Amino acid sequence: MSAGDATALDSTSPGTGPRAGQPDARVPDARVPVEAPTPPPSVAWTVAGLLLMVLLAALTRFLELNVPVWTEGTPLARIAKPVEFPVYAIALGLLGNAVLVATNLKDKVAAAFRTELFIKTGVVLLGASVNLSLIVTAAVPAIVQALVLISSVFLFTWWVGGKLGLDDKLRALLSSAVSICGVSAAISAAGAVQAKREQLAYAASLVIVFALPSIFVLPWLVDLLGLSPAVAGAWIGGNIDTTAAVAAAGTLAGEDALALATIVKSTQNALIGVVAIALTAYFAFKVERRPDAAAPGVGELWRRFPKFVLGFLAASVIGTLYLAQVGSDVGKPVITVANDLRTLFFILAFVSIGLELRVKALRAAGWRPVAVFGLATVFNLVVGLALASVLFAGFEL
Amino acid sequence: MTHISHDPDAAPEPASGSGAVPRPRRRLSEDWIATALGLILLTLVLTGVLADGLVP
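Below is a summary of the structure that appears in this document.

## A word on the layout of surface pockets
All names here are of chain A.
Reasoning step 1: Roughly 480 Å³ of volume is contained in the second largest pocket.
Reasoning step 2: Of all elements in the fold, only α7 (132-163), α13 (255-270), α16 (308-326) and α17 (328-356) reach the threshold of two or more residues within the lining of the second largest pocket.
Reasoning step 3: Counting residues per element, the lining of the second largest pocket draws most heavily on α17, at five residues.
Reasoning step 4: In terms of residue class, the lining of the second largest pocket is built from 10 nonpolar, nine polar and four charged.

Written as structure tokens, this is what we have:
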């Protein structure tokens, strides 16, 4: 994945990070190592990485279409039939990851692994098949769920992190990541509290490591619990930390669940800015006691708002108007072509997830952050299910 | 993985000399690129330029 963002307040607020080689006065034991800057990626290697992704995407499609045919009439047919493209894509991505690491080529081609670009483009295309009326009716329960879930999970994670003795900044990163939307929330929080890069790398790795199995576990639990598509979608969107993993799990749970999961996830994503501002103010005025710190402005909300959500909304408006104009008989086959394009971008994103996974950062910080994240994830699952069951019971898709 | 982007689900760069997460370089936001790309593709589909069979 491409590297993360940070708030503009980092370099303008007082108490910005120390120069290379100098001690960080804010954190007594944090003598910062000097590192050479990373060289820019080579175009040839980036193209090679893209070709690899296209090859793995084609193989994903090939397996999805042919494995059920090959296994028909065998004991494997029961397992093979429900396995859909996210499973093949991630598995092939992980396989590719192992090969690239073994051949020492991963860093050379990594610039091609644009998970966010692919998934966001796919989400915009998904908007075309989501009726605008669904977004309008789902908005209120989605916002209520997001506000309650984010607050409760953030505060629980913060509390558990404190009990297990985590550093305040890492607590902020983990609390943001598990309660809002994964890596982007951790990045926003990292900028807000001026966390160390190592802490952000660690939090980001934890997010991905927990998100991957949730792609398969949550749809399985949805089946086991017999949840309706609406409740399933709301639960998946409110729980899984990354947009790409939400799309994967939603796909496995069904088209209706996918639509609602995307709406719920987008609503949560949109609240990143609010939390980033609150964290900035809390750390500046309370934790670091810098009364002269610049107060975060409302403009920060717009800067942090995930703009691709606007694309999703615009596509929904366009799709809804198009179908109203030409009628379902003519329009639906055309929207199906847009859905095929969306699937293509999702496949690329899921392949990229597998290719990008890095577990090295996880070894650095010990068991406590893993325990905090794990406990918070379970809390998120339970509270999320309760909220989804109440707010989306009887919701018509 | 060298550049900084304002991207959800993005892993950060390796540790830098300053230790703190730095300010992003000015570049066109990936969010806007994805939005533009998605809407352009949708337009091509709805106008029939990208038809069934052309999409792999």
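## Brief notes about the pattern of salt bridges
Reasoning step 1: Enumeration over the complete set of coordinates arrives at five salt bridges over all chains.
Reasoning step 2: As a salt-bridge pair, Lys120(A) and Asp31(B) come within 2.5 Å of each other at their nearest N and O atoms. Note that Lys120(A) is positioned in helix α6 (residues 115-127) and Asp31(B) in helix α1 (residues 30-46), a pairing that runs across two chains.
Reasoning step 3: Between Arg342(A) and Glu255(A) there is a salt bridge, with the nearest N and O atoms lying 2.7 Å from each other. A residue pair is termed long-range when its members are at least 10 positions apart, and Arg342(A) in helix α17 and Glu255(A) in helix α13 qualify at 87 residues.
Reasoning step 4: According to the relative accessible area criterion, Arg342(A) is buried, its value standing at 4%.

## Examining the nonpolar core
Residues and elements named next belong to chain A.
Reasoning step 1: Core analysis: the largest hydrophobic core is formed by 125 residues, its most contacted members being Leu279, Phe350 and Phe392.
Reasoning step 2: A per-element tally of this core places α17 first, with 14 residues.
Reasoning step 3: With sequence-adjacent residues up to four places away left out, Leu279 is seen in contact with Phe154, Ala172, Ser176, Ala189, Ala192 and Val193.

## Some thoughts on the packing of helix α4 (residues 85-102) of chain A against helix α12 (residues 243-253) of chain A
All names here are of chain A.
Reasoning step 1: Contact pair α4 / α12: the axes reach a minimum separation of 9 Å and the direction vectors enclose 140 degrees. Taken together, the axes of α4 and α12 are oblique relative to one another. From α4, Phe85, Pro86 and Val87 reach across to α12, where they touch Ala248, Thr251 and Leu252.
Reasoning step 2: Among the residues making up the contact of α4 with α12, the classes are represented as five nonpolar, one polar and no charged.

## Remarks on the packing of aromatic side chains
Residue and element names in this part refer to chain A.
Reasoning step 1: Under the criterion given, the structure shown has seven aromatic pairs over all chains.
Reasoning step 2: Ring geometry for Phe156 and Trp159: centres 6.2 Å apart, planes at 45 degrees, overall tilted. Of the two residues, Phe156 and Trp159 are both situated in helix α7; the distance of three residues between them amounts to about one turn of the helix.
Reasoning step 3: Taken together, the ring pairs connect Phe85, Phe346 and Phe350 into an aromatic cluster.
Reasoning step 4: Above the face of the Trp158 ring, Arg171 is positioned so that its terminal group lies 4.1 Å from the ring centre.

Cut-off values and rules
Residues numbered from 1 in each chain as written. Chains lettered and ligands numbered in written order. Predicted model: local features only at pLDDT ≥ 70, side-chain atom pairs only at ≥ 80, totals over all residues. Heavy atoms only, no water. 1 Å grid on protein atoms, 1.4 Å probe; cavity = no way out; pocket = protein on both sides within 12 Å on 5 of 7 lines; lining within 4 Å. Points joined across faces, edges and corners; volume = space filled by probe spheres on them. Helix = DSSP H or I, 4+ residues; strand = E, 2+ residues; numbered from the N terminus. Nonpolar A, V, L, I, M, F, W, Y, C, P; charged D, E, K, R; others polar. Salt bridge = Lys/Arg side-chain N within 4 Å of Asp/Glu carboxyl O. Buried < 20%, exposed > 50% of the residue type's maximum accessible area, 1.4 Å probe, protein only. Core = buried A, V, L, I, M, F, W, Y, C linked by side-chain atoms within 4.5 Å. Contact = heavy atoms within 4.5 Å. Axes fitted to C-alpha atoms, helices over the stretch in contact; angles between N-to-C directions. Parallel < 35°, antiparallel > 145°, perpendicular 65-115°, else oblique. Phe/Tyr/Trp six-rings, centres within 6.5 Å; stacked < 30°, edge-to-face > 60°. Lys NZ or Arg CZ within 6 Å of the ring centre and 35° of its normal.

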